[in-house]
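Structural characterization, general
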Amino acid sequence: MRFWAALLSAMLLLTIGSLWVYGSYENHVGSIGPVFLQPVERQGNVTSLNTVTAHTPTSSLVEASCNGNGIVEVYDIITGEQVDKHAVYGHARYQFVLPHEGDYLIINNGTDKLTCSFRFIKNYPTKPVQNALYISGSLFAILLAFIVWRWGR
Amino acid sequence: MGRLYKLFRWEMNDVVKNVLLFFGIILLGMAMKESLMGVSSSVRFASGMEIQLFGVSKASGVLTSILGMLSLDDVWTLMGFLVLLLGALTFRYDRDSGVARSIYSLPYSNTEIFGVKLLSLLIYGFVMFLLPFAYVSMTTYAGILKYLPDITSNFLSDALVLVIFLVLYLVAVATFVSLASPNAFLAFMVGFAVIYAPRVTGLSNVPPVLFINAISRSGSTDFTPFTMNYICWGILVPLALFTLSWVLIRRRDVV
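Cut-offs used in this document
- Residues numbered from 1 in each chain as written.
- Chains lettered and ligands numbered in written order.
- Predicted model: local features only at pLDDT ≥ 70, side-chain atom pairs only at ≥ 80, totals over all residues.
- Helix = DSSP H or I, 4+ residues; strand = E, 2+ residues; numbered from the N terminus.
- Buried ≥ 20, exposed ≤ 12 C-beta atoms within 10 Å, placed from the backbone.
- Contact = placed C-beta atoms within 7 Å.
- Pairing = 2+ DSSP bridges.
- Nonpolar A, V, L, I, M, F, W, Y, C, P; charged D, E, K, R; others polar.
- Expected span 1.5 Å × (residues − 1).
- Bend = angle between axes of the 7 residues up to and from the residue.
- Core = buried A, V, L, I, M, F, W, Y, C linked by C-beta atoms within 7 Å.
- Axes fitted to C-alpha atoms, helices over the stretch in contact; angles between N-to-C directions.
- Parallel < 35°, antiparallel > 145°, perpendicular 65-115°, else oblique.
- Left-handed = near helix turned anticlockwise from the far one by under 90°.
- pLDDT = per-residue confidence, 0-100.

1. Overview of the overall build of chain B
Within chain B, the regular secondary structure consists of 10 helices and 1 strand. When its helices and strands are written in sequence order, chain B yields α-α-β-α-α-α-α-α-α-α-α. Overall, the C-alpha framework of chain B stretches about 75 × 35 × 30 Å when taken along its three principal axes. Residues counted as buried form 42% of the 255 residues belonging to chain B. Pairs at least 24 apart in sequence give 85% of the contacts found in chain B among residues at least 6 apart.

2. Overview of the overall build of chain A
For chain A, the count of helices and strands is 2 helices and 7 strands. Traced from its N-terminal end to its C-terminal end, chain A shows the element sequence α-β-β-β-β-β-β-β-α. Based on the C-alpha atoms only, the size of chain A along its principal axes is roughly 80 × 35 × 20 Å. By sequence separation, contacts in chain A at least 24 residues apart represent 80% of the contacts at least 6 residues apart.

3. Things to note about the pairing of strand E6 (residues 102-108) of chain A
All names here are of chain A. The buried fraction of E6 amounts to 7 of the 7 residues, a majority that puts the element mostly inside the structure. Inspection of the sheet shows strand E3 (residues 46-56) paired to E6 by 5 bridges, in the antiparallel sense. Residue Thr-56 lies in a different strand from E6, and its bridge partner there is Gly-102. Where strand E4 (residues 59-76) and E6 come together, 5 bridges link them in antiparallel fashion. Bridging across to E6, Val-72 finds its partner in Asn-108.

4. A closer look at the interface of chain B and chain A
Interface size is commonly expressed as the accessible area that is lost once the parts come together. Every contact between the two is made by 45 residues of chain B and, on the other side, 46 residues of chain A. Contributions of two or more residues to the side of chain B that touches chain A are made by helix H2 (15-36), strand E1 (40-48), helix H3 (60-70) and helix H6 (110-140) of chain B. It is H2(B) that provides the largest number of residues to the side of chain B that touches chain A, a total of 11 residues. Looking at the side of chain B that touches chain A residue by residue, the classes come out as 26 nonpolar, 15 polar and 4 charged. With 9 bridges connecting them, E3(A) and E1(B) associate as antiparallel partners. When the bridges of E1(B) are listed, Thr47(A) appears paired with Gly48(B).

5. A word on helix H10 (residues 228-251) of chain B
All names here are of chain B. The first and last C-alpha atoms of H10 sit 32 Å apart over 24 residues, in line with the 34 Å expected at 1.5 Å per residue. Leu-236 marks where H10 bends most, by close to 30°; the proline Pro-238 follows one to four residues later. Among all positions of H10, only Trp-233, Gly-234, Pro-238, Leu-241, Ser-245 and Ile-249 are buried. Buried residues along H10 sit against H6, helix H7 (148-180) and helix H9 (209-217).

6. Some thoughts on the nonpolar core
Leu86(B), Leu162(B), Leu170(B) and Val173(B) are the most contacted members of the largest nonpolar core, which totals 105 residues. Beyond its immediate sequence surroundings of up to four residues, Leu86(B) is in contact with Lys17(B), Leu20(B), Leu121(B), Tyr124(B) and Ala174(B).

7. Notes on the environment of Asp222(B)
All names here are of chain B. Mapped onto the secondary structure, Asp-222 falls in the loop between H9 and H10. Under the C-beta neighbour-count criterion, Asp-222 is labelled exposed, with 5 such atoms within 10 Å. Through-space distance from the C-alpha of Asp-222 to that of Ser-35 is 27 Å; in sequence the pair is 187 residues apart.

8. Here's the deal with the packing of H7(B) against H10(B)
Residues and elements named next belong to chain B. For the pair H7 and H10, interaxial distance at closest approach is 8 Å and the crossing angle is 25°. Judged on the interaxial angle alone, H10 and H7 are roughly parallel. Judged by the sense of rotation from one axis to the other, the crossing of H7 with H10 is left-handed. Facing Leu-162, Phe-165, Leu-168, Tyr-169, Ala-172, Val-173, Thr-175, Phe-176, Leu-179 and Ala-180 of H7, the residues of H10 in contact are Tyr-230, Trp-233, Gly-234, Ile-235, Val-237, Pro-238, Leu-241, Phe-242, Leu-244, Ser-245, Leu-248 and Ile-249. Considered class by class, the residues forming the contact of H7 with H10 number 19 nonpolar, 3 polar and no charged.

9. Comments concerning unusual backbone geometry
The peptide bond linking Pro207(B) to Pro208(B) adopts the cis configuration, its omega dihedral lying at 0°. Turning to its location among the elements, Pro208(B) is positioned in the loop between helix H8 (184-200) and H9.

10. Some remarks on the confidence of the model for chain B
In regions of low pLDDT, the predicted coordinates are not meant to be interpreted in detail. Residue and element names in this part refer to chain B. Averaged over all residues, the pLDDT of chain B equals 86, while 99% of them reach at least 70. H2 holds the highest mean pLDDT among the elements of chain B, 91, whereas helix H5 (residues 99-104) holds the lowest, 78. Across the interface, the model reports ipTM at 0.86; the global pTM reads 0.88.

11. Description of the packing of helix H1 (residues 2-25) of chain A against H2(B)
Look at H1(A) against H2(B): their axes get within 9 Å of each other, and the N-to-C directions meet at 25°. In this view, H1(A) runs roughly parallel relative to H2(B), as classed from their interaxial angle. At the point where H1(A) passes H2(B), the crossing takes the right-handed sense. Contacts between H1(A) and H2(B) involve Arg2(A), Phe3(A), Ala6(A), Leu7(A), Ser9(A), Ala10(A), Met11(A), Leu13(A), Leu14(A), Gly17(A), Ser18(A) and Val21(A) from the first element and Val15(B), Asn18(B), Leu21(B), Phe22(B), Ile25(B), Ile26(B), Gly29(B), Met30(B), Lys33(B) and Glu34(B) from the second. Among the residues forming the contact of H1(A) with H2(B), the class breakdown is 14 nonpolar, 5 polar and 3 charged.

12. A closer look at helix H4 (residues 73-97) of chain B
Residue and element names in this part refer to chain B. Counted at 1.5 Å a residue, the expected span for H4 with its 25 residues is 36 Å, and the 34 Å between its end C-alpha atoms agrees. Considering bend angle alone, the principal kink of H4 is centred on Phe-91 and spans about 45°. In terms of burial, H4 is largely enclosed, as 18 of its 25 residues are buried. Remark: Gly-98 follows H4 within two positions and exhibits a positive phi of approximately 90°.

Below, the structure written as structure tokens:
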């Protein structure tokens, strides 16, 4: 009884703690770069390219700041889905959203060289993450309530 | 079986051990969660006829983050601390407080009491580490949950074997030191010295550093936890210490 009560209340507090972590992480500015993005080169049937893999633990609003000429493309690395595409001539500062936590691939699909830096200015947990936390938290709370209720008997 | 279960339940529901479990899960879980909160990047150069850019195996950021959670220094410092305290509470504190006199006079053999206490200590040790780990990694990456088994498949089994080795080692040291020492406080201090001396002096071929370094290497191509070095420290040494503790608990008077 007491073991389960300790276990469940710890897990409940861990859930609350996780939510609190997201609260303070929201405005935490992370940055990547500056990274040098070479254009995709094709010689015969050999392709060579520079790739940048970015990892974010939340969905993020990213501000990109690029110098040079080229096309910055961002892909979801697991599914290969394109998240963002932006042509840069000279200098560009623009924003895009990474839809969920995980890894993203950044490449330069243009013909000239680029230098980019990425600032992750807003970070929010995605809906599946919130659901997971709220549902598991409720579950822990209900089980804990059940145990405390049985305890009194 | 019923009477052993009674002893087991009693051992699992010890108040101070429960408080330690409570703080252990929260602190370990929060340390792991905090370690995930940050962006990272890696730059690569790819060249060839057909380049594989996408796929589950390319999610190296998620992979290193999850693997990183298992080899955090903070986490293992806390684990060492808590397991030693739990060991001292399980095997030594009851003797200090005099409760042991009544437990050991019950119709249980010393071996049975030792087995039950050890089982509860092992459960505490593993629950304290594995539960927060599983929970934090699954909730943090809930959006890509269905890809997680594929992402983690090539390192997770090796890493978990090493985690099991390390927890076994910690539990074994805690058990032996607690049974050999004259009081709980000394047991804790000696155990802490045994576990932390190699770390402070930079001996990397002795646990815990041996295993912590190995965990971060797991998943690389030529690495396997089933080499003599790891098995020796992760299974043979704990077994030897458990046997010694068993001999001690049978031979030594309850004082």
